[in-house]
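Understanding the architecture of this molecule
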Amino acid sequence: MWYHKPVINEELLQSLPNLKIVANSGVGIDHLDLKLLSSYGVKLSNTPFIVSTDTADMGMALMLASSRRLVEGYQMAVSPDTEYFPADWLGDELSGATLGIVGMGTIGYKVAERAKAFEMKILYHNRNQRNKEEESAVGAIYCKKIDDLLQQSDFVLLSVNLTPQTHKLIGKRELELMKPTATLINISRGLVVDQDALVEALQNKVIKAAALDVTYPEPLPRDHPLLKLKNVIITPHIGSATKKTRRLMMENMIESIQAGLTGLPIPNEVL
């Protein structure tokens, strides 16, 4: 499967009685019915670890672009109407700011490693607290309650899998807990955020800005209000989109398929 295609439904599974394995590109499997696959005896694999470095880089890129207003700055610099650069056109510093990471898995932890180099204070909320050695290595402080993280963070970065528990995890209540000077960064899945609530929060200055690599749907309708806001950066779900990583993803998928066909243990099998 690449870009969620082909759609794996009962009709397809019935038409492929000898299907042994579905190899899915990327880490997210929210588009797949695991019980349905299992009922047909079909195994599933994904490529979870390969994408983590590039996706963490993307999180930092969005954080920097938003804080320093790079998109607005570029538009000003190339506009035919620009006669001078205003001296009071300012962004925000990352250094010394507080970053709250929601979801400290492989990607979230790599973001923390990068944020440490920017001398950021790092908070995180996760289903399970990481061990003291891992926390100490990046200077991360665990927040058992997501509310505590939201209230303290200058930047909130979402790096969770989309599950029934994380569906619209960030809604009106959570956005109102954030600082009015805070920025929301989403590198997970669009449906982790209530987009209508986010539009309202951005329009009413409940939070300062958002930087999103994911939305729902993708792409957004061309008249969607998020596309009209100056305090929003949207990229086309390119967290893992580097030449090297995409090639490695494909190689991993082939390895899983070959293993599935020959009865060998499947690398990165989703159980």
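Residues numbered from 1 in each chain as written. Predicted model: local features only at pLDDT ≥ 70, side-chain atom pairs only at ≥ 80, totals over all residues. Heavy atoms only, no water.

**Things to note about the UniProt feature "domain: D-isomer specific 2-hydroxyacid dehydrogenase catalytic" (unreviewed entry) in the protein**
Under the UniProt annotation, the feature "domain: D-isomer specific 2-hydroxyacid dehydrogenase catalytic" (unreviewed entry) is placed at residues 3–270. In the segment residues 3–270, helix accounts for 37% and strand for 13%; the C-alpha atoms at its two ends are 18 Å apart. (UniProt positions renumbered as here; feature names shortened; annotations may be inferred. Helix = DSSP H or I, 4+ residues; strand = E, 2+ residues; numbered from the N terminus.)

**A word on the side chain of Asn126**
Within the element layout of this structure, Asn126 appears in the loop between strand S4 (121–125) and helix H6 (132–138). If sequence neighbours within four positions are ignored, Asn126 has contacts with Gly103, Met104, Gly105 and Tyr142. (Contact = heavy atoms within 4.5 Å.)

**Side note on the nonpolar core**
In summary, soluble globular proteins display a tendency toward joint burial of nonpolar side chains. Core analysis: the largest hydrophobic core is formed by 29 residues, its most contacted members being Leu175, Leu184, Leu198 and Leu226. Contacts of Leu175, omitting those with residues within four sequence positions, involve Ile170, Leu184, Ala197, Leu198, Ala201, Val206 and Ile207. Counting 27 residues, the second largest nonpolar core, distinct from the first, contains Ile101, Ala112, Met120 and Ile122. (Core = buried A, V, L, I, M, F, W, Y, C linked by side-chain atoms within 4.5 Å. Buried < 20%, exposed > 50% of the residue type's maximum accessible area, 1.4 Å probe, protein only.)

**A closer look at the packing of helix H3 (residues 52–67) against helix H5 (residues 106–117)**
One way to put it is that H3 packs onto H5 with a least axis distance of 8 Å and a crossing angle of 50°. Classified by the angle their axes make, H3 and H5 are oblique. Crossing angle aside, the handedness with which H3 passes H5 is right-handed. Between H3, through Ser52, Thr53, Thr55, Ala56, Asp57 and Met60, and H5, the contact on the second element is made entirely by Thr106, Ile107, Lys110, Val111, Arg114 and Ala115. Along the lines of polarity and charge, the residues of the contact of H3 with H5 split into five nonpolar, four polar and three charged. (Axes fitted to C-alpha atoms, helices over the stretch in contact; angles between N-to-C directions. Parallel < 35°, antiparallel > 145°, perpendicular 65-115°, else oblique. Left-handed = near helix turned anticlockwise from the far one by under 90°. Nonpolar A, V, L, I, M, F, W, Y, C, P; charged D, E, K, R; others polar.)

**Some remarks on helix H10 (residues 243–262)**
The terminal C-alpha atoms of H10, which comprises 20 residues, lie 29 Å apart, in line with the 28 Å expected from a rise of 1.5 Å per residue. Where H10 is concerned, the buried positions are Thr245, Met249, Asn252, Met253, Ser256, Ala259 and Gly260. Each buried residue of H10 lies within a common arc of 130° when the element is viewed along its axis, so the set occupies one face. H10 presents Lys243, Lys244, Arg247, Leu261 and Thr262 as exposed residues on the side facing more than 90 degrees away from its buried surface. For H10, the elements touching its buried residues are strand S1 (21–23), strand S2 (43–45) and H3. Looking one or two places after H10, you find Gly263, whose phi comes out positive at around 80°. (Expected span 1.5 Å × (residues − 1). Arc of directions from axis to C-beta.)

**A word on the environment of Tyr74**
When you line up the elements, Tyr74 lands in helix H4 (residues 70–78). Here Tyr74 falls in the exposed class, since its relative accessible area comes to 56%.

**Describing the UniProt feature "domain: D-isomer specific 2-hydroxyacid dehydrogenase NAD-binding" (unreviewed entry) in the protein**
Here the UniProt feature "domain: D-isomer specific 2-hydroxyacid dehydrogenase NAD-binding" (unreviewed entry) sits at residues 60–239. For the annotated span residues 60–239, helix accounts for 32% and strand for 16% of the residues, and the straight-line distance between the end C-alpha atoms is 11 Å.

**Considerations on unusual backbone geometry**
Backbone torsion omega between Lys5 and Pro6 reads 0°, so that peptide bond is classified as cis. By secondary structure assignment, the location of Pro6 is in the segment before helix H1 (10–15). Cis geometry marks the peptide bond from Glu218 to Pro219; its omega dihedral reads -5°. Positive phi values are uncommon outside glycine, yet Tyr3 reaches one of about 55°. Assignment of secondary structure puts Tyr3 in the segment before H1. In the Ramachandran plot, Asn268 falls in the positive-phi region, its phi being about 55° despite a non-glycine side chain.

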